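Notes for the structure review
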Amino acid sequence: MFSKILKWAGIVLASLLVIGAITYSVLAYKFNQKVNNTYAVNVRPIQVGTDSATIANGKHLYEIKGCGECHAADLGGKVFVNDPAIGTIGGSNLTYGKNGLPESFDDKAWLSALRHGLNVENKSLLLMPSEDYYRMDDEDISAIIAFCKSQPYVDRPSPEIVIKPMGKILAVLGKLPLFPADIIDHQHQQPAVVEKTASVSYGKYLSASCTGCHKTTLTGGENPVPGGATVANITSSGHIGKWSKDEFITALRTGNTPEGKALKNEDMPWQMTAKYTDVELEALYLYLKSL
Ligand code: HEC
Ligand code: HEC
């Protein structure tokens, strides 16, 4: 009797292992397909300035768009995910130093990366959040490029990207935003310049930096990073509905909310929102309150 149970348990276990192995091979196959998929896009050329005002705007944008979190403050690149199950992911060296961008990385390549999430082979960059950047106007996107190109060269090799089985599974199941080119509207027509005043429309424009975590509706929910803190509702039906403009600005500059919560920078990147100008924060406040 006992040996019969053991035999059946063995058969069940073996079948589960086989099913698991087949499921994983299918997912890994889909993952490789996504990695190797090439995109045919039309990269609209724009003029990239070199004047000091443009470069200063680009420096500000590099800070408030969080580029430094993944590419380092000196633009030399750094590892920002190092997880035994998911893998190792780092932002590339964005300078033309030794082991950095090749000389052939021209404005078209910059635009292709920032507006289409593509590398020079027209394959999707991995985890580079171009889905948050592709709607930026020509003025801002060219300022970022101008700033990056004006920075001192750093001789550091770009980190090698290694995606482990769990990372592949999560990416294929859409639980990890690994393929920006998959979710970008490649036909989107960016305006030459949007009006940058404390207005609802400018707040909406800036909120592209919040929707990656707070969702397109800005009502929050599950964290896009597996295991991360639940994301807050930042529309007027959340706490923000009761906050004054000054309380909102204090919360985004210090991480301290009127309810007495100290936001952790790892959960809610307030050290990044701290660098927004008053006009930018006011615009965000007006937009979020309008939702
Ligand atoms: C969440 C992390 C993250 C943020 C934030 C981020 N990047 Fe990236 N970026 C990456 C990763 C990772 C790669 C490399 C992807 C690859 O090689 O597949 C990358 C690649 C790039 C590339 C392409 C380089 C090449 O060799 O093809 C450019 C250009 C770039 N990023 C610019 C920027 C700029 C400018 C910003 C801010 C506006 C920014 N990135 C913000 C993670 C990030
Ligand atoms: C990397 C993900 C991420 C990004 C990007 C992000 N947030 Fe958050 N935010 C969170 C998480 C997670 C929480 C909840 C933290 C907690 O409950 O401790 C949060 C909380 C907040 C809160 C506090 C809400 C409350 O009820 O206490 C505000 C306000 C906020 N975010 C505004 C913004 C704005 C504005 C932007 C865009 C400029 C933004 N966030 C971008 C992840 C993010």
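Keep in mind that this is a model prediction, so the values were computed, not measured.

Calculation notes
Residues numbered from 1 in each chain as written. Chains lettered and ligands numbered in written order. Predicted model: local features only at pLDDT ≥ 70, side-chain atom pairs only at ≥ 80, totals over all residues. Heavy atoms only, no water. Near = heavy atom within 4 Å. Polar contact = N/O pair within 3.5 Å; in protein donor to acceptor, adjacent residues only side chain to side chain. Helix = DSSP H or I, 4+ residues; strand = E, 2+ residues; numbered from the N terminus. Donors = N, O, S within 2.8 Å, 3.2 Å for Na, K, Ca; no water. Tetrahedral: all angles 85-135°; square planar, octahedral: opposite > 155°, others 65-115°. Buried < 20%, exposed > 50% of the residue type's maximum accessible area, 1.4 Å probe, protein only. Salt bridge = Lys/Arg side-chain N within 4 Å of Asp/Glu carboxyl O. Domains from an automatic or database assignment. Contact = heavy atoms within 4.5 Å. Buried area = accessible area lost by both parts, 1.4 Å probe. Nonpolar A, V, L, I, M, F, W, Y, C, P; charged D, E, K, R; others polar.

1. Considering the site of ligand 1
Close to ligand 1 lie 24 residues; Cys67, Cys70, His71, Leu126 and Met128 are nearest. Side-chain polar atom of His71 to a nitrogen atom of ligand 1: 2.8 Å apart, as the coordinates give it. Taking Leu126, its main chain carries an N or O atom lying 2.9 Å from an oxygen atom of ligand 1. Looking at the shell around ligand 1, the elements with two or more residues in it are α3 (67-71), β2 (87-91) and α4 (107-116).

2. A short note on the coordination of the iron atom of ligand 2
Taken together, His214 (NE2) and Met268 (SD) make up the full set of protein donors to the iron atom of ligand 2, lying 2.0 to 2.2 Å away. Between the 6 donor atoms coordinating the iron atom of ligand 2, the angles at the centre fall across 87 to 179 degrees, so the site counts as octahedral. Of this pair, His214 sits in helix α9 (residues 211-214) while Met268 sits in the loop between α10 (245-254) and α11 (270-273); the two residues are 54 residues apart in sequence, bridging distant segments of the chain. Neither His214 nor Met268 differs from the other in exposure class; each is buried.

3. Digging into the pattern of salt bridges
Applying the stated criterion across every chain, the model contains 12 salt bridges. Between Arg44 and Asp138 there is a salt bridge, with the nearest N and O atoms lying 3.1 Å from each other. Here Asp138 lies in helix α5 (residues 138-150) and Arg44 lies in the loop between α1 (2-36) and α2 (52-64), a separation of 94 residues in the sequence. Asp267 is the salt-bridge partner of Lys264, the closest N and O atoms lying 3.9 Å from each other. A relative accessible area of 36% places Asp267 in the partly exposed class. Here the salt bridges do not stand alone but share partners, grouping Asp137, Glu139, Asp140 and Lys196 into one network.

4. Some remarks on the site of ligand 2
Taken together, 23 residues form the shell around ligand 2, and within it Cys210, Cys213, His214, His239 and Met268 come nearest. Between His239 and ligand 2, the recorded distance is 2.7 Å, taken from a side-chain N or O atom to an oxygen atom. At a separation of 2.8 Å, an oxygen atom of ligand 2 approaches a polar side-chain atom of Lys261.

5. Topic: the domain arrangement of the protein chain
Split into domains, the protein chain comes out as domain 1 (52-179) and domain 2 (200-289). Counting from both sides, the interface comprises 14 residues of domain 1 and, opposite them, 13 residues of domain 2. Counting the surface lost from both domain 1 and domain 2, the interface buries some 1,200 Å², and carbon and sulfur atoms represent 52% of this. The tally of links between domain 1 and domain 2 comes to 0 salt bridges. Taken together, domain 1 and domain 2 are joined by 4 residue pairs in polar contact (both at pLDDT 80 or more). For the side of domain 1 that touches domain 2, the element with the most residues is α2, which contributes 3 residues. Along the lines of polarity and charge, the residues of the side of domain 1 that touches domain 2 split into 5 nonpolar, 2 polar and 7 charged.

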